[in-house]
Amino acid sequence: MALDGLIILDSSGRPIIQSGFRSTSTAYPLLHVDALNHALETASQPDDVDPVLYVQSYSTTGFSSACCHVRCNDIRILAPVSGDVDPLVAFAFMQTFIDILKEYFGVVNATTMKENFDVVYQLLEETLDAGGHPLTTSTNALREIVLPPSLLTKLLSVAGANITPTINSGYGHGSTSGPFSSPIPWRRAGVRYTNNEIYIDVIEELRAIVGRNGTALSSITWGKLEANVKLSGTPDCSMTFSNVQVMTDWAFHSCVRLQRWNRDKVLSFIPPDGRFVLAEYRYLPPAASTGASSDPSTNLAFSSALVAKDLVPVPITLKPIIELEENGGTFDLTLTSRLTTRAMETVTAELLLGEGAGGVKCIVGRGSGGFGRGLSGLESGGNISIGASWAFDAKKRVLRWEIPSVPPASSWTLKGSFATTSIPRPSRAIHLTFEIGSHTFSALKIDQLRVSGETNKPYKGVRGRSTADIEWRW
């Protein structure tokens, strides 16, 4: 399966850079750009546009195609496909290319694309061959071919200096050999660091849909192990877990030895240099879990039992009371944390009020629970004393409620009203997001992390973090 090419657009829909569409006409990429811009113009919201758009041929003898696209900050990446090509191949490559851009530039936006046009074009040529097949997608291998942007390289480029031999010789990376000379495809040869470090982040995301009665209809936790390795030479790492039985649907990096994992449940690997995703998994709650989390430190207190054994407990409750009138409506939202030992951070609740909505008036407040006494806010727009705030996007018609930190077992309220020019048609669901630091829903514990093959003792660090994306229906 091959892609026809790749196109990067700015916020106004104009192409910034594109790969060479060698097997198609010059009008072919323009058709896909016009199809996406037309879909964005006709849609009420940009998120309403389908990720795969049908593109009709410009001639009767031509062939139809599809435009796969994703958004990243203020740019959009397009991957036209035609024939018998699975769109998932296009989305997988676009996400991989975005990860490569993040490794090179840190922030991926239209400004960085324009300022580093030459580097982006080189990356396109190295990651996608002439036939549209993905080629080199490992950042370790790409760094030996395409030099990352820096002040020195920009000055040399302006001065007209030829730095190609420097790149091919591996200068600046501690390597004495050329590109693709390492016997390990995912790791460069001759890597040297003054301070040897390895960090493992256990990141989990809860995706849930909660019904009108407060019962979780769907609740799944996906996790991944993100590694940041700065080790000299060719280290050999092994990692063991204390409760690996609660994990399922594992997906590993190519560096992991699968036979060792299947036999001993030990992650044994020679890591790439830098940042990479070591493994991905799905949390499988214990069969006996009906209302309590397997992590004793969280001590979730739930009043109702879960219907299915594979549902992950949702650590937050929302009681929305929304009444609609002829030309508007009122709402009363009460948010309560079910955690007893940890605070939630960056809690946001979004409600789409519908077309013609305006004149929003709100009062934010904090009820009882948590640390300190209950407070109430009477200021439209938020209350500095409690930290909560609200805002209404008149263009998107979205009411946004933000709470920087929700202490354990605390409750918060948002009351208000809105007016409409016609019959109110708000969204029937509220979008909730939050983060929990130093916490994982699965309580996955890394029991031991060993690094062999190095004379210097490296510094090892492990931490956990959880996020949630919940659709709460009313």
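Cut-off values and rules
Residues numbered from 1 in each chain as written. Predicted model: local features only at pLDDT ≥ 70, side-chain atom pairs only at ≥ 80, totals over all residues. Heavy atoms only, no water. Helix = DSSP H or I, 4+ residues; strand = E, 2+ residues; numbered from the N terminus. Buried < 20%, exposed > 50% of the residue type's maximum accessible area, 1.4 Å probe, protein only. Contact = heavy atoms within 4.5 Å. Areas by Shrake-Rupley, 256 points an atom, 1.4 Å probe, with all protein chains shown as cover. Pairing = 2+ DSSP bridges. Axes fitted to C-alpha atoms, helices over the stretch in contact; angles between N-to-C directions. Salt bridge = Lys/Arg side-chain N within 4 Å of Asp/Glu carboxyl O. Phe/Tyr/Trp six-rings, centres within 6.5 Å; stacked < 30°, edge-to-face > 60°. 1 Å grid on protein atoms, 1.4 Å probe; cavity = no way out; pocket = protein on both sides within 12 Å on 5 of 7 lines; lining within 4 Å. Points joined across faces, edges and corners; volume = space filled by probe spheres on them. Nonpolar A, V, L, I, M, F, W, Y, C, P; charged D, E, K, R; others polar. Domains from an automatic or database assignment.

Q: Help me understand the overall build of the protein, please; the structure alone is not making it clear to me.
A: A count of helices and strands for the protein gives 8 helices and 21 strands. Here the protein, with 474 residues, has 46% of them falling under the buried criterion. Pairs at least 24 residues apart make up 69% of the contacts formed inside the protein by residues separated by at least 6 positions. Element-wise, carbon and sulfur atoms account for 52% of the exposed surface of the protein, whose accessible area totals about 23,800 Å².

Q: Can you walk me through the sheet that holds strand S2 (residues 15-18) in this structure?
A: Strand pairing in a sheet is mediated by backbone hydrogen bonds. Such pairs are either parallel or antiparallel. The sheet built from 5 strands is open, its strands ordered S2-S1-S5-S4-S3 with antiparallel pairing. The outermost strands of the open sheet, each flanked by one partner alone, are S2 and strand S3 (52-55). Recorded for the sheet is a direction-independent mean angle of 25° between the axes of neighbouring strands. Relative to strand S4 (residues 65-72), S3 runs antiparallel, the two sharing 4 bridges. The residue bridging Tyr54 from the neighbouring strand is Ala66, located in S4. Relative to S4, helix H2 (residues 87-105) is tilted by about 30°, and along the sheet it contacts strand S1 (7-9), S3, S4 and strand S5 (75-82).

Q: What is the right way to look at the pattern of salt bridges in this model?
A: Close approach of charged atoms lets side chains of opposite charge pair. Summed over all chains, the structure comprises 14 salt bridges. A salt bridge links Asp201 to Arg463; the shortest N-O distance between them is 2.8 Å. Of this pair, Asp201 sits in strand S6 (residues 197-210) while Arg463 sits in strand S21 (residues 459-473), and the two are 262 residues apart along the sequence. With relative accessibility at 60%, the residue Arg463 sits in the exposed group. Arg400 is paired through a salt bridge with Glu350; the nearest N and O atoms lie 2.3 Å apart. Of the two residues, Arg400 is situated in strand S17 (residues 398-406) and Glu350 in strand S14 (residues 344-352); the sequence distance between them amounts to 50 residues. Assessed through its relative accessible area of 29%, Arg400 is described here as partly exposed. The network of salt bridges with common partners includes Arg260, Arg263 and Asp264.

Q: Any chance you could explain the packing of aromatic side chains here in plain terms?
A: Each pair of aromatic rings is reported with the distance of its centres and the angle of its planes. Taken as a whole and assessed by the stated rule, the structure comprises 12 aromatic pairs. Here Phe241 and Trp261 contribute two aromatic rings whose centre-to-centre distance is 6.4 Å and whose plane-to-plane angle is 85°, an arrangement assigned as edge-to-face. Taken together, the positions of Phe241 in strand S8 (residues 236-241) and Trp261 in helix H8 (residues 258-264) put the pair 20 residues apart, joining distant regions of the chain. Judged by relative accessible area, which is 10%, Phe241 ranks as buried.

Q: I keep staring at the layout of surface pockets and nothing clicks. Help me out?
A: Picture a little ball the size of a water molecule; that probe, rolled over the atoms, points out where space is still empty. In this structure, the largest pocket encloses a volume near 1,500 Å³. For the lining of the largest pocket, the secondary-structure elements that each account for two or more residues are S4, H2, helix H5 (139-142), S6, strand S7 (216-230), strand S9 (247-252), strand S11 (274-283) and S21. Counting residues per element, the lining of the largest pocket draws most heavily on H2, at 8 residues. A class-by-class count of the residues in the lining of the largest pocket yields 17 nonpolar, 12 polar and 13 charged. Two domains share the lining of the largest pocket, each providing at least three of its residues, namely domain 1 (7-150) and domain 2 (197-285 + 441-473). Put simply, the second largest pocket is a space of about 680 Å³. What lines the second largest pocket is a set of 27 residues, among which Gln45, Asp47, Glu350, Leu352 and Val398 lie closest to the centre. Listed by contribution, the elements that provide at least two residues to the lining of the second largest pocket are S14, strand S16 (389-393), S17, strand S19 (429-437) and S21. A class-by-class count of the residues in the lining of the second largest pocket yields 9 nonpolar, 5 polar and 13 charged.

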